[in-house]
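# Understanding the architecture of this molecule
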Amino acid sequence: MGPSSQPSVQPSGEPSIEPSEYPSVAPTTTPSYAPTSTPSGYPSAEPTANPSSAPSSIPSESPSTAPTAKPSYAPSISTSPTISPSTNPTISIEPSAYPSMSPTDSPTSLPSASPTISTMPSTSPTMEIEPLRTLLKESSPSSAFELHDENSNQYRALYWLYYDLEKYDNYTNDEKIELWALGCFYYNTIGHKWYNSTNWMLDSGNLTVCDWYGLTCDGMGMVLEMDLAANRIQRDLPNEFTLLTKLQYLGLSDNSLGRLDPLLFEMPNLFVIDFDGNGIREIPDNIPKRNRVKELYLADNRIDAIPSSIVALQKLEVLWLWKNSLEGTLPSFLRGLSRLGECSIYYDKVAFLLLNKILCNDN
């Protein structure tokens, strides 16, 4: 039996149970009230004039040769992708609810209506930070590598200075360098474990570096004195500490530094170094001659010898060495410390009196 030559005038109330062997020559003028339960063996030659009220429950075996004149009232819902892609992609005005399983080979011709929102920060800061990094490299060339190492304290201080300080844009280059040096000092000596770190690393509101615990500034806001005695300061001072070029007094007694860095003697305005009670074992044997240190407090440490390099401290007026591990006779080169006042050096036991006799009589 072949198909009818003319479509039925009225639609059937129910779809046919079995599909016809051949498609009708022309589509029905009115769609059926419900879709067929099984697909036809062949697609219709032309699309229906009006869309069906609901999508079919199963896809057609072959796509239509042309799109329908009107879109369906509801999109078809497929649990699997089509076997072959359409020759012309659809243009959606709304984003898809789910991402595609694989990205496209080329970008879309039009931008998305709204930008994507990332929940993760970028792995490295923007290029805007580079002028600051360059400034710090120039001020401390030995820190160039660390300024790119995200695990270093120098990098942490760089990041803090640029991103965390509210008044960053108001600071001069000298102030930025000083703040970075203080940040390196804070991170390197485990500042979050200090007994007192009030206001450190903050500049909100009216706070300035001069309000940080233990710091005293000059009229220009540059640090003149640091007094953090008995404050659980640990580990060595970073090399960047020497960038505190206005510093005159450094009081870090009764902490756990463990080392007297010879770089401290190169600081242009540092007059007083108080490292009493820090477990220091030796005085550097390479003290530079160009220094301005007048008072050096190294009592209650573990020093067992006085190196000849100490004679480089030509401006030294006070030297405390009591309660160390010094024994034997005093080295004769101590007479070269011509500015030492009477009884400025304290030596253990008998040597204490001998020192007084040698220095006091010669002066």
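Structure first, text after, so check above.
What counts and what doesn't
- Residues numbered from 1 in each chain as written.
- Predicted model: local features only at pLDDT ≥ 70, side-chain atom pairs only at ≥ 80, totals over all residues.
- Heavy atoms only, no water.
- Helix = DSSP H or I, 4+ residues; strand = E, 2+ residues; numbered from the N terminus.
- Buried < 20%, exposed > 50% of the residue type's maximum accessible area, 1.4 Å probe, protein only.
- Contact = heavy atoms within 4.5 Å.
- Areas by Shrake-Rupley, 256 points an atom, 1.4 Å probe, with all protein chains shown as cover.
- Arc of directions from axis to C-beta.
- Expected span 1.5 Å × (residues − 1).
- Salt bridge = Lys/Arg side-chain N within 4 Å of Asp/Glu carboxyl O.
- Patch = residues over 30% accessible without salt bridge, like charges linked within 9 Å, V, L, I, M, F, W, Y side chains within 5 Å.
- Lys, Arg positive; Asp, Glu negative; His and termini not counted.
- Charge placed at Lys NZ, Arg CZ, Asp CG, Glu CD.
- Phe/Tyr/Trp six-rings, centres within 6.5 Å; stacked < 30°, edge-to-face > 60°.
- Lys NZ or Arg CZ within 6 Å of the ring centre and 35° of its normal.
- Pairing = 2+ DSSP bridges.
- Axes fitted to C-alpha atoms, helices over the stretch in contact; angles between N-to-C directions.

### Section: the overall build of the chain
- From N to C terminus, the chain includes four helices and six strands.
- Ordering the α and β elements of the chain from the N terminus gives α-α-α-β-β-β-β-β-β-α.
- Counting every position in the chain, which comprises 363 residues, the buried fraction comes to 33%.
- In the chain, once contacts between residues fewer than 6 apart in sequence are set aside, the share between residues at least 24 apart is 40%.
- Of the roughly 23600 Å² that the chain leaves accessible, carbon and sulfur atoms contribute 54%.

### Thoughts on helix H1 (residues 130–139)
- Here H1 has its buried residues at Leu132, Arg133, Leu135 and Leu136. Seen from one end, H1 has its buried residues packed into an arc of 160°, which puts them on one side. Turned more than 90 degrees away from the buried face of H1, the exposed residues are Pro131 and Glu138.
- Close packing links the buried residues of H1 with helix H2 (153–164) and helix H3 (173–188).

### Re unusual backbone geometry
- Even without glycine at this site, Ala230 takes up a positive phi of about 50°.
- For Ala230, the position within the fold is in the loop between strand E2 (223–227) and strand E3 (249–251).
- In this structure, Asp300 takes a positive phi of about 55° despite not being glycine.
- On the accessibility criterion, Asp300 (33% relative accessible area) is partly exposed.

### Brief notes about H3
- Its 16 residues give H3 an end-to-end C-alpha distance of 22 Å, which sits within 8% of 22 Å, the value for a rise of 1.5 Å per residue.
- Counting buried positions along H3 yields 13 of 16 residues, so the element is predominantly enclosed.
- Phi turns positive, to about 55°, at Ile190, one or two residues after H3.

### Quick look at the pattern of salt bridges
- Across all of its chains, the model carries two salt bridges by this definition.
- Close ionic contact of Arg133 with Glu130 constitutes a salt bridge, the shortest N to O distance being 2.8 Å. Of this pair, Arg133 and Glu130 both sit in helix H1, three residues apart, which is roughly one turn of that helix.
- Glu130 gets classed as partly exposed once you look at its relative accessible area, which sits at 21%.
- A salt bridge links Arg259 to Asp261; its shortest N-O distance comes to 3.0 Å.
- Relative accessible area serves as the criterion here: at 40%, Arg259 is assigned to the partly exposed category.
- Asp261 gets classed as buried once you look at its relative accessible area, which sits at 9%.

### Here we look at a positive patch on the surface
- Taken together, the side chains of Arg292, Lys294, Lys315 and Arg339 define a basic patch exposed on the protein surface.
- Turning to its location among the elements, Lys294 is positioned in the loop between strand E4 (272–274) and strand E5 (295–297).

### Details of the packing of aromatic side chains
- Summed over the entire model, instances satisfying the criterion amount to 15 aromatic pairs.
- Each ring, one from Phe185 and one from Phe241, has its centre 5.4 Å from the other, and the planes form 55°; the classification is tilted. Of this pair, Phe185 sits in helix H3 while Phe241 sits in the loop between E2 and E3, and the two are 56 residues apart along the sequence. For the pair shown, Phe185 and Phe241 are each scored as buried.
- Seen in terms of ring centroids, Tyr297 and Trp320 are 4.9 Å apart; in terms of plane orientation they differ by 80°. Their pairing is edge-to-face. Placement of the pair is Tyr297 in strand E5 and Trp320 in strand E6 (residues 318–320), with a sequence separation of 23 residues.
- In textbook terms, an aromatic cluster arises when at least three aromatic residues are bridged by ring pairs, as seen for Trp160, Phe185, Tyr186, Tyr187, Trp194, Trp200, Trp212 and Phe241.
- Here the basic side chain of Lys176 rests over the ring of Tyr168, its NZ or CZ set 4.2 Å away from the ring centre.
- It is Lys294 that lies over the ring of Phe271; its NZ or CZ is 5.3 Å from the centre.

### Some points on the sheet that holds E3
- Pairing is mixed across the open sheet formed by six strands, whose spatial order is E1-E2-E3-E4-E5-E6. Because the sheet does not close on itself, it has two edges, and the strands there are strand E1 (215–217) and E6. In this sheet, neighbouring strand axes are inclined to one another by 10° on average, regardless of whether the strands run parallel or antiparallel.
- Pairing geometry for E2 and E3, over three bridges, is parallel.

Remember, this is a structural readout, not a statement about activity or role.
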